[in-house]
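Each chain is listed here by its residues.
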Amino acid sequence: MANEIWYSNSGDLVLSETLNQEFLLALADRGYPLNHPALYYVGDLQGKGSLTLKTSEIGWMGYDILADVANEDTVATQTALTDSSHTVTVARKAMERNVGQALLIAGAPLNFSDPATWAADAAGAAAGKLVDMLANVADDFTNQTGPGSGADLNEIDLVTTAVALQVANVQGRLMCLLHPQQWGDVQIDVTGSAGGAFQYSQDAQRAMLLSDGSYKATLHGLIDVYSSSRVPTANSGADRAGAMFGRGGILWGDASINVDPDARAIYLGIPSDDEGNVTGGAKVMVEMDRNPHKAWKVAVYNAYLGATKGIDAAGRTIISDA
Amino acid sequence: MSNPLQPPRAVGRGVESQGEVWEAPRPVDVAMPPKIEPCPPFFYMHHPNRWAVLGGKLRPSLGQLPLEPGLNGASDGDFEVAFTQKRREGWTIIPHDVMGGSYVRRHRARRGHAHLPRWVRVFGNSSTMVPNNEGPDGYFAFLDALMALPESHQSHIAPAELHALMPMADYLRGAMERSASAIAKDPRMKSRAERFRADLDVVEAAIAALGGGGEVLGDLVESEGDSVALDLEATDG
């Protein structure tokens, strides 16, 4: 009666656990709302002679209008040119990963010999950093709206903010970058509210849908709402400081990394011509190396990024309960 | 007779080995860091436009200037461009040690460190941040202390002015009226309306204290305009 062959008593025949060659991604914010027209891309600073780029803001084409003249021989009023500028400086952002030889021998669900493995990690890391930088400059517009500290954001607050921006002559589509909690409060408000024209609009129906990804909804035909958990806190952690802005409210830039024939590297985002010839640098570089003393593989990700707040009146910080 | 609790002594010409104290591996430190994202150190900054009703009082709504290369024109180790840019916009940058001791605390984050206001409490293995706003050591007391600094102090925050208060009052009045009118359909709106009413009372009291148009302090000086004598006949002629 003691000679049965059970799984539970066959420790020399089976493993206590084996490894699924598929894996789950640990939770993280992987939304990268970087293509909205309200985000002003100043350009690639590679080869510009400086890692700082100044963008002029000029009062031209209707900023000043013709003045009245009393008589036909009255001298026209000399009018000064209104100008300002916004500076984007790109700086190195980097991360290093080390993978021990023993792990490479044993094998893991991640294929560390595959360049695509590294490229996927580096692309997400660089894009996430850029979103983090954009969110960090979006919270210091000198004008702010919202229900105030500790109160939940709602749809009316967003419309009010958009109206305030239009009063300030902000043109074009508006990008609204909120923390998921802020957007969730808007959704709950829309879902639970009754009455008013908005509840019966298609925008409201879409806004009520829980959606993944960073794009959430377009409200009132003009406000493109995105959410990111990288939106910073305000009032010592009690609130979140999102923002709504039009084109020129936030500026960002980057600098491509030259392809170095001496480097053993993976280059991401390299432009090429129709024949596949490389015509520029890489947005992200993954430089590979080995540490023979410790027997590990080294991968260093590099990107050069910069962001700044642009035209102050083109945006508003939105503070509401965290 | 040998002691069974003692190891046998080495005999012969060999020297007795005392060995080294061996300690069992200590348990790995399992204290989990807070589940918060790393963020750079920062300076608080105040702008005359930014006010909020915090803890039932009108208090400045401070911004945070992150000290990170690549943000606001800052380069590696040189933040002067960022400071200049913010000051040009009318911000007052508040030094870390304005009240003695830094207002920034560095916490272990999921990777790296998170630099947070000293009034934020974080917990291991949790993403929840709990503000410490009330009380003599709270954030609100810090804001009050900034406002109480002598006017000559570089970090003094002057009282809110009409140009900031009037839009606030408009916003709160509209929000309060919309919430109040919706109570019949949605009872949840009652507490919201009451909250806006309370905040509006605070802002309106501040406006009344300024006489609805008193002297404007600070960098933004109220423009009284020039007196113009209108000569309608000349204009018509």
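Residues numbered from 1 in each chain as written. Chains lettered and ligands numbered in written order. Predicted model: local features only at pLDDT ≥ 70, side-chain atom pairs only at ≥ 80, totals over all residues.

### Digging into the overall build of chain B
The criterion, for reference: Per the convention used, a helix needs a DSSP run of H or I reaching at least four residues, while a strand needs a run of E reaching at least two, with both numbered from the N terminus. Whether a residue is buried, exposed or partly exposed follows from its count of other C-beta atoms within 10 Å of its own C-beta, namely 20 or more, 12 or fewer, or something in between, respectively; the C-beta atoms are built from the backbone. By the convention adopted here, residues make contact when the C-beta atoms placed from their backbones lie within 7 Å.
Secondary structure summary: chain B contains five helices and nine strands in total. N-terminal to C-terminal, the α/β element order of chain B is β-β-β-β-α-β-β-β-β-β-α-α-α-α. Here chain B, with 237 residues, has 31% of them falling under the buried criterion. The contacts in chain B between residues at least 6 apart in sequence include a share of 57% that link residues at least 24 apart.

### Some details on the overall build of chain A
As a reminder, the rule being used: Using C-alpha atoms as the atom set, the radius of gyration is obtained and then compared with a globule rule of 2.2 Å times the number of residues to the power 0.38.
Helix and strand content of chain A: five helices and 15 strands. Over its C-alpha atoms chain A spans a radius of gyration of 26 Å, topping by over 25% the 20 Å that the globule rule assigns to 322 residues. The C-alpha extent of chain A, read off along each of the three principal axes, is 115 × 60 × 40 Å. Relative to its full complement of 322 residues, chain A shows a buried share of 39%. Sequence separation of 24 or more characterises 77% of the internal contacts of chain A that already satisfy a separation of 6 or more.

### As for the pairing of strand β7 (residues 113-117) of chain B
Residue and element names in this part refer to chain B. Note the threshold: When DSSP finds two or more bridges between two strands, those strands count as paired.
When strand β6 (residues 104-108) meets β7, the two strands line up antiparallel, connected through five bridges. Following the sheet pairing, Arg105 is matched in β7 by Leu116. What sits between the antiparallel neighbours β6 and β7 is a turn of four residues, in which Gly112 has the positive phi angle 75°.

### Here we look at the packing of helix α3 (residues 162-181) of chain B against helix α4 (residues 189-209) of chain B
Residues and elements named next belong to chain B. For the record, the criterion: Note on geometry: axes are lines fitted to C-alpha atoms, helical ones only across the stretch in contact, with angles between N-to-C directions running from 0 to 180 degrees. Angle categories are assigned with fixed cut-offs, so that under 35 degrees is roughly parallel, over 145 is roughly antiparallel, 65 to 115 is roughly perpendicular, and the rest are oblique. By the definition used in this description, the sense in which the near helix is turned from the far one sets the handedness, with an anticlockwise turn below a right angle giving left-handed and a clockwise turn giving right-handed.
Contact pair α3 / α4: the axes reach a minimum separation of 8 Å and the direction vectors enclose 155°. Classified by the interaxial angle, the pair formed by α3 and α4 is roughly antiparallel. Judged by the sense of rotation from one axis to the other, the crossing of α3 with α4 is left-handed. Of α4, the residues touching α3 (which contributes Leu162, Leu165, Met168, Ala169, Leu172, Arg173, Ala175, Met176, Ser179 and Ala180) are Met189, Arg192, Ala193, Phe196, Arg197, Asp199, Leu200, Val203, Glu204, Ala206 and Ile207.

### Looking at the interface of chain A and chain B
The line we're drawing: When residues are sorted by character, Ala, Val, Leu, Ile, Met, Phe, Trp, Tyr, Cys and Pro go into the nonpolar class, Asp, Glu, Lys and Arg into the charged class, and all the rest, Gly among them, into the polar class.
In this assembly, 41 residues from chain A lie in contact with 40 residues from chain B. When residues of the side of chain A that touches chain B are traced back to their parent elements, those giving at least two are β3 (83-89), β4 (91-100), α2 (115-137), β5 (144-145), α3 (155-167) and β14 (296-309) of chain A. Ranked by residue count, the leading element in the side of chain A that touches chain B is β14 of chain A, at five residues. Its residues assigned to classes, the side of chain A that touches chain B shows 15 nonpolar, 20 polar and six charged.

### Some thoughts on the environment of Tyr103 of chain B
Residue and element names in this part refer to chain B. Counting through the fold element by element, Tyr103 comes out in the loop between β5 (92-94) and β6. Counting along the chain gives 13 residues from Tyr103 to Leu116, while the straight-line C-alpha distance between them is 8.4 Å. Residues contacting Tyr103, with those up to four places away along its chain left out, are Tyr44, His96, Pro117, Arg118 and Phe142.

### What about the pairing of strand β2 (residues 51-54) of chain B?
All names here are of chain B. The alternating pattern of β2 places Trp51 and Val53 on one face and Ala52 and Leu54 on the opposite face, and all of these are buried. Where β2 and strand β3 (residues 57-60) come together, four bridges link them in antiparallel fashion. Bridge pairing links Leu54 to Lys57 in β3. The turn joining β2 and β3, which pair antiparallel and follow one another in sequence, is formed by two residues; a positive phi near 60° is taken by Gly55.

### Structural notes on the domain arrangement of chain B
Many descriptions give the size of an interface as the accessible area lost when the pieces come together. Residues and elements named next belong to chain B. Short version of the rule: Domain segmentation is taken from an automatic or database assignment of domains.
The domain architecture assigned to chain B consists of domain 1 (42-148) and domain 2 (162-209). Here the C-alpha centroids of domain 1 and domain 2 sit 27 Å apart. Listed per partner, the contact involves seven residues of domain 1 and six residues of domain 2. Only β2 and β3 provide two or more residues apiece to the side of domain 1 that touches domain 2. Residue classes in the side of domain 1 that touches domain 2 are distributed as four nonpolar, two polar and one charged.

### Things to note about the sheet that holds strand β1 (residues 42-46) of chain B
Residues and elements named next belong to chain B. In space, the three strands of this open sheet follow the order β4-β1-β5, with antiparallel pairing throughout. The outermost strands of the open sheet, each flanked by one partner alone, are β4 (63-66) and β5. Strand-to-strand twist in this sheet, taken as the mean axis angle between neighbours without regard to direction, amounts to 40°. Here β1 runs beside β4; their pairing, made up of four bridges, is antiparallel. Within β4, the residue paired with Phe42 across the bridge is Pro66.

### A few points about the nonpolar core
The test is simple: Residues enter a nonpolar core if they are buried, belong to Ala, Val, Leu, Ile, Met, Phe, Trp, Tyr or Cys, and are joined to the set through C-beta atoms within 7 Å.
In terms of nonpolar packing, the biggest core is built from 112 residues, with Leu134, Cys176 and Ile250 of chain A touching the most fellow members. Examining the composition of this core, we find that nine residues originate from one element, α2 of chain A, more than from any other. Counting contributing residues, this core receives three or more from each of domain 1 (42-148) and domain 2 (162-209) of chain B. Discounting chain neighbours no more than four positions away, the residues touching Leu134 of chain A are Ile250, Trp252 and Ala307 of chain A.

### Digging into the environment of Ser102 of chain B
All names here are of chain B. Of note, Ser102 is situated in the loop between β5 and β6. Of the residues examined, Ser102 has 14 C-beta atoms within 10 Å and is grouped as partly exposed. Placed 88 residues apart in sequence, Ser102 and Lys190 show a C-alpha to C-alpha distance of 41 Å. With residues near it in sequence (within four places) discarded, Ser102 still touches His96 and Asp97.

### Regarding unusual backbone geometry
Backbone geometry at Met61 of chain A places phi at a positive 55°, although glycine is not the residue there. Here Met61 of chain A lies in the loop between β2 (52-58) and β3. Among the residues examined, Met61 of chain A registers 6 C-beta atoms within 10 Å and is labelled exposed. In this structure, Asn72 of chain B takes a positive phi of about 55° despite not being glycine. Checked against the element boundaries, Asn72 of chain B lands in the loop between β4 and α1 (80-88).

### So, α3 of chain B
Each full turn of the α-helix corresponds to 3.6 residues, which orients residues three or four apart in the same direction. Our working rule: What a helix should span is 1.5 Å times the count of its residues minus one. The reported arc concerns the directions from the helix axis to the C-beta atoms and nothing else.
Between its first and last C-alpha atoms α3 of chain B spans 28 Å; for 20 residues at 1.5 Å apiece the expected length is 28 Å, and the two agree. Looking at α3 of chain B, one finds that the buried residues are Ala164, Leu165, Met168, Tyr171, Leu172, Ala175, Met176 and Ser179 of chain B. In an axial view of α3 of chain B, the angular spread of the buried residues amounts to 135°, which keeps them on one side of the axis. On the buried face of α3 of chain B, the contacting elements are β5 and α3 of chain A together with β2 and α4 of chain B.

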